[in-house]
Amino acid sequence: AAIHAMDTTDVAVRRRAASELASRAAAEPLGRLATARLASQAIQETDALVWRSLLTAVSGDASEPAIRLAYAAVGDPSAEVRRRACENLAAQASPRHAAVLLPALADANPAVAGAAIAALVAGGQLEDTGPLRDVLAASNESLRASAAAALVRFGDAAGVDALGQLAHSRDVAVRQQVAEAMGASGDPRFAPALITMLDDHLTVRRA
């Protein structure tokens, strides 16, 4: 009944139906046929609240319809929907998502671009790191640090240089993020920078 209600033109009804589907999915997966029906219906969906509930409903689903639904949501006008779509793709990680995630790196919303970076890293492989290198020119330092850390994970030396530069950021939170990324990489080339950061702010020293 909830799936059938998704066909109505009344957005309030669609919101209630989508919310019910999200609640039901938390207890038991919707199933492939139900998810396929939702994916076909969502192509024409314009409401951000409906989209958010639908993405919640299929967040743990690795089926092709669930992935197709997330792919469609990556292009939604709502930044929150786009971010949630990237998070769904990260949860169902695969290198094949790169074709959809790479354009999201240029998203005007840093949270969306950051979620796209996380999803790419979760995929484990990336043939072309050029779009990630482009993010190193972003004005948002935290986003640049995420891109640099991802480049290091993918073996691109540009990430090593970028993290080294960001270690001197005026933002304590960014320096902490950089220290955590350096440590997570396990790359001994970061040892000198990390030693220097031992004289930094307490949170940075701990990182």
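Going by the structure above, here's the rest.
Just so you know, these numbers come straight off a predicted model, no measurement behind them. (Residues numbered from 1 in each chain as written. Predicted model: local features only at pLDDT ≥ 70, side-chain atom pairs only at ≥ 80, totals over all residues. Heavy atoms only, no water.)

### Remarks on the pattern of salt bridges
Taken as a whole and assessed by the stated rule, the structure comprises 11 salt bridges. With its nearest N and O atoms 2.9 Å apart, the salt bridge here joins glutamate 64 to arginine 68. A residue pair is termed a helical-turn pair when its members lie 3 or 4 positions apart in one helix, as glutamate 64 and arginine 68 do in helix α5 (residues 64–73) at 4 residues. Between aspartate 187 and arginine 189 there is a salt bridge, with the nearest N and O atoms lying 2.6 Å from each other. By relative accessible area, aspartate 187 is classed as buried at 16%. (Salt bridge = Lys/Arg side-chain N within 4 Å of Asp/Glu carboxyl O. Helix = DSSP H or I, 4+ residues; strand = E, 2+ residues; numbered from the N terminus. Buried < 20%, exposed > 50% of the residue type's maximum accessible area, 1.4 Å probe, protein only.)

### Considerations on the packing of helix α8 (residues 110–123) against helix α10 (residues 141–153)
When two helices pack together, their arrangement is given by the angle between the helix axes and the distance between those axes. Viewed as axis vectors pointing N to C, α8 and α10 meet at an angle of 10°, and their least axial separation amounts to 10 Å. When the axes of α8 and α10 are compared, the pair comes out roughly parallel. Handedness of the α8/α10 crossing: left-handed. Taken together, the residues of α10 that come into contact with α8 (itself represented by Pro110, Ala113, Gly114, Ile117 and Val121) are Leu143, Ser146, Ala147, Ala150 and Arg153. Considered class by class, the residues forming the contact of α8 with α10 number 7 nonpolar, 2 polar and 1 charged. (Axes fitted to C-alpha atoms, helices over the stretch in contact; angles between N-to-C directions. Parallel < 35°, antiparallel > 145°, perpendicular 65-115°, else oblique. Left-handed = near helix turned anticlockwise from the far one by under 90°. Contact = heavy atoms within 4.5 Å. Nonpolar A, V, L, I, M, F, W, Y, C, P; charged D, E, K, R; others polar.)

### Some details on the environment of glycine 130
Along the chain, glycine 130 turns up in helix α9 (residues 130–135). For glycine 130, a relative accessible area of 14% puts it in the buried group. Glycine 130 sits 89 residues away from glutamine 41 along the chain, and the two C-alpha atoms are 35 Å apart.

### Examining the nonpolar core
Formed by 45 residues in total, the largest nonpolar core has its most connected members in Met6, Leu54, Leu69, Ile117 and Leu132. Of all the elements, α8 adds the most residues to this core, at 7 residues. Those residues in contact with leucine 54 that lie beyond four places of it in its chain are Met6, Ala18, Leu21, Leu38, Ala42 and Leu69. The next biggest cluster of nonpolar side chains, apart from the first, holds 16 residues, and it includes Ala145, Val152, Met197 and Val204. (Core = buried A, V, L, I, M, F, W, Y, C linked by side-chain atoms within 4.5 Å.)

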